[in-house]
Amino acid sequence: MNEKPTGRQTPKSIEGDEGSTGGGDGSIGDRDGPIGAGNGVTRRRLLAGGAAVAVAGLAGCLGGRDGPVPAPTVTSDRIDDWRQIDESESTVFEQSYGPVTVTALEHTRIYEYVDVAEALAETFDASGSPVVFFATRIDVRPAIDSLPAEVGRERLMEEVETAAVDAFRSQLRNSGIENVEIVDEGTTTVRSGHTATAWRLEGEYAFDGEVPLPDGSTTSLGDPVEIESRLGVWHDGTDVLVAGGAYPTDPLIEVIDDALPDLADAETVVTELADEETADALATDPAAFDEDVSQLLISVE
């Protein structure tokens, strides 16, 4: 993996059966702190607002296409343990530049990890999950030969990356994950061979629910769950691809256990409310989610 010449440092390496990400801890300079801080705009879609000029500039590098934007494809077999819960296609923006009108279109798929989502539904009658994955393809039309204002490709990609991080924050918020901050930034090589900018982020999941106890009473799950996220953005020669996911930093069964009275055990309570399989799902080691998200991310095409 080659580090960027910008002085960014690369997040911890994750090696797996389908590829690898780059390694090394370090600071992230002026991108540290809450995502979107200081820009005054939260973009729910990838290239809205201030990123419009950046995307228009990239159009000279992107191939032309008619018709719908193809869905991003997750090529890793690990996706079999996840289920798609949402899909969107929209016009991100439309802007005129002299005689040319540039349009940016996106196609996004959102997934949740099946076992955890079903365990939470079974135990707490909850909908949703803190273990999620997103994949987006964006297409800029038409492909034009020159860049506006002679802005360079590297600068334009930095603008797109900033917009992508902001949009990822919005997607996480829609999944109940708040207070998201960047903690590391670097590069990684995806399975197609392209170099992606990669971020590691942290946030909190509002685990709001009631745990039924064997004596018929209930106890609240009021404390937030610490969340880690990974995000990657790269240009594949035709489109810009964005992929990332989130997962708890501690086994959910431990979060439940902390909320229970001293005489109650979370594994026992969950097993009695549901079954051992449900308890096992909530006891999943976060390292397994990290590996899943990392391998899914680099497999998107």
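Data block above holds the structure.
Note on numbering: residues in each chain are counted from 1, in written sequence order. Given that this is a predicted model, residues contribute local features only at a pLDDT of at least 70 and side-chain atom pairs are listed and counted only at 80 or more, while totals for whole chains, interfaces and linings are drawn from all residues. Calculation of side-chain values draws on the structure's entire complement of heavy atoms; hydrogens and water are dropped beforehand.

> Which residues make up the pattern of salt bridges, and what are the values?
Definition used for salt bridges: Asp or Glu carboxyl oxygen within 4 Å of a side-chain nitrogen of Lys or Arg. Per the counting criterion, the structure on display carries ten salt bridges. For Asp236, the salt bridge goes to Arg137, with nearest N and O atoms at 4.0 Å. Residue Asp236 is located in the loop between β9 (225-235) and β10 (240-248), and its partner Arg137 is located in strand β4 (residues 132-141); the two are separated by 99 residues in the primary sequence. The rule is simple: take the accessible area with a 1.4 Å probe, protein chains only, and divide by the maximum for that residue type; under 20% is buried, over 50% is exposed, in between is partly exposed. The exposure class of Asp236 is partly exposed, given its relative accessible area of 22%. The numbering of helices and of strands both runs from the N terminus, where a helix is a DSSP run of H or I of at least 4 residues and a strand a run of E of at least 2.

> Tell me about the pairing of strand β6 (residues 195-205), and please be specific about residues and values.
Within β6, eight of the eleven residues are buried, which leaves the element mostly enclosed by the surrounding structure. Here, any two strands with at least 2 DSSP bridges between them count as paired. Of the pairings in the sheet, the one linking strand β5 (residues 177-189) to β6 comprises ten bridges and is antiparallel in character. Note that in β6 the partner of Thr188 across the bridge is Ala196. Turn length for the β5-β6 hairpin, with the two strands adjacent in sequence and antiparallel, is five residues, and the turn residue Gly193 shows positive phi of about 95°. Sheet analysis places β6 next to β9, joined by nine bridges and oriented antiparallel.

> Go over the packing of aromatic side chains with me, naming the residues and quoting the values.
Two measures describe an aromatic ring pair: the distance that separates the ring centres and the angle between the ring planes. Here the aromatic set is Phe, Tyr and Trp, taking the six-membered ring for Trp, and pairing holds for ring centres within 6.5 Å; pairs whose planes are under 30 degrees apart are stacked, those over 60 apart are edge-to-face, and all others are tilted. Per the counting criterion, the structure on display carries five aromatic pairs. An aromatic cluster of at least three residues, connected via ring pairs, comprises Trp82, Tyr111, Tyr113, Phe133 and Phe289.

> Give a detailed account of the side chain of Glu106, specifying residues and quantitative values.
Of note, Glu106 is situated in strand β3 (residues 100-113). Its relative accessible area of 2% is what places Glu106 among the buried residues. Within the structure, Glu106 has its side chain in polar contact with the side chain of Ser90 (distance 2.8 Å). Here a polar contact means two N or O atoms within 3.5 Å. Within protein one must be a hydrogen donor candidate and the other an acceptor candidate, and residues neighboring in sequence count only if both atoms are side-chain atoms.

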